[in-house]
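The chain contents come next:
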Amino acid sequence: MRKTWIYILLLILTSACYRTKPQSPSQRNGVQGGQEDTTLIAMMNATYLLCAEADRDVVAYIKQSEDTYAQLECGLWMRWQSRSGSGRMPEKDQTVNMHLAVRDLSNQLLMDSEQTLTVGHEFLPAALDKALEMMEIGDSVVMVCPWYVAYGQQGNENVKPYQNVIMEVQLR
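Anyway, here's the lowdown on the structure attached to this text.

Let's talk about unusual backbone geometry
Piece 1. Positive phi, normally seen in glycine, also occurs at D93, with a value near 75°.
Piece 2. For Y162, which is not glycine, the phi dihedral falls at a positive 60°.
Piece 3. By secondary structure assignment, the location of Y162 is in the loop between strand 7 (140-145) and strand 8 (165-171).
Piece 4. When its relative accessible area of 38% is taken as the criterion, Y162 is described as partly exposed.

What to know about the sheet that holds strand 7
Sheets are built from strands that pair by backbone hydrogen bonding, the pairs being arranged parallel or antiparallel.
Piece 1. Spatially, the six strands line up as an open sheet ordered 3-4-7-8-5-6, and their pairing is antiparallel. Each edge of the open sheet carries a strand with a single partner, namely strand 3 (70-71) and strand 6 (109-118).
Piece 2. As paired strands, strand 3 and strand 4 (residues 77-82) are joined by two bridges and run antiparallel to one another. Within the sheet, the bridge partner assigned to A70 lies in strand 4 and is M78.

Observations concerning the layout of surface pockets
Piece 1. Roughly 200 Å³ of internal volume is contained in the largest pocket.
Piece 2. The wall of the largest pocket is formed by L100, M111, Q115, F123, L124, P125, L128, A150, Y151, Q154, G155 and N156.
Piece 3. Looking at side-chain class alone, the lining of the largest pocket contains eight nonpolar, four polar and no charged residues.

Remarks on the pairing of strand 6
Piece 1. In the sheet, strand 5 (residues 95-104) pairs with strand 6 via nine bridges, with the strands oriented antiparallel. When the bridges of strand 6 are listed, T95 appears paired with T118.
Piece 2. Once strand 5 ends, the chain turns through four residues before running back antiparallel as strand 6, passing N107 with a positive phi of about 75°.

Notes on the state of the cysteines
Piece 1. Applying the stated criterion across every chain, the model contains zero disulfides.
Piece 2. The cysteine C74 is free of any disulfide, with C145 supplying the nearest cysteine sulfur at 8.1 Å.
Piece 3. Residue classification places C74 among the partly exposed residues on the basis of a relative accessible area of 31%.

Here we look at the pattern of salt bridges
Piece 1. Considering all chains together, one arrives at five salt bridges under this definition.
Piece 2. The partner of R83 in a salt bridge is D139, and the shortest N-O contact between them spans 3.7 Å. One end of the pair, R83, is in the loop between strand 4 and strand 5; the other, D139, is in the loop between helix 3 (126-134) and strand 7, with 56 residues separating them in the sequence.
Piece 3. Using a relative accessible area of 48% as the deciding quantity, one classes R83 as partly exposed.
Piece 4. Among the residues examined, D139 registers a relative accessible area of 0% and is labelled buried.
Piece 5. Across the salt bridge formed by E114 and R172, the nearest N and O atoms sit 2.7 Å from each other. Note that E114 is positioned in strand 6 and R172 in the segment after strand 8, a separation of 58 residues in sequence.
Piece 6. A relative accessible area of 47% places E114 in the partly exposed class.
Piece 7. Overall, R172 belongs to the partly exposed group, its relative accessible area being 43%.

About the cut-offs
- Residues numbered from 1 in each chain as written.
- Predicted model: local features only at pLDDT ≥ 70, side-chain atom pairs only at ≥ 80, totals over all residues.
- Heavy atoms only, no water.
- Helix = DSSP H or I, 4+ residues; strand = E, 2+ residues; numbered from the N terminus.
- Buried < 20%, exposed > 50% of the residue type's maximum accessible area, 1.4 Å probe, protein only.
- Pairing = 2+ DSSP bridges.
- 1 Å grid on protein atoms, 1.4 Å probe; cavity = no way out; pocket = protein on both sides within 12 Å on 5 of 7 lines; lining within 4 Å.
- Points joined across faces, edges and corners; volume = space filled by probe spheres on them.
- Nonpolar A, V, L, I, M, F, W, Y, C, P; charged D, E, K, R; others polar.
- Disulfide = S-S within 2.5 Å.
- Salt bridge = Lys/Arg side-chain N within 4 Å of Asp/Glu carboxyl O.

Written out as C-alpha cells, the structure reads:
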C-alpha cells in the first residue's frame, strides 16, 4: 500500500511539472505553414503603392514650390522659416508651447492650434517628433509630409486618413 501511494505521488509530481513545448510563430514573412499568406502580401504591396503615390505627390508639390526644402531620411521635406539661435533645445520632460498650423497640399487650412506639450510624453505624428528633435525654442519650420509620417491611415478629426499635409510649427 505504501508503494502505491509513493508511486501515485511521483506520478502526480512528474505530470504537474510537464510543460508544453513552445510553438514557433504561425506567420513569418508572409509565410504560414509553408504556404505564402497572399492576403498579407497583397496588403503589404498596397501599402507600398500608397506610400509611393504619396511620395510622388509631395515631390510634385515641392517642385512647383518657390521655396527650398531639404528631404529627411524619414520621407518628410523641411525648411526653416526662422532660426532663433538661442541654443535652447527642448529637453525630455520639459513643457513647451507650440503653434501648429496644418494645411493640405492645396493650401487649405485644416487645423490651427496653440498647444502646450511635455517633450517625450505626447503622442505626436512622426514628422512633429522629428522636428522637435531638431528645433530650438523660438524656431519656426515648415514641413511637407506624406501621410505615413503625418497623421497616417487613421487621420484625426481635422485631417483625413492617408492625407499628405503641410505643417507649420513654431516653438515658443
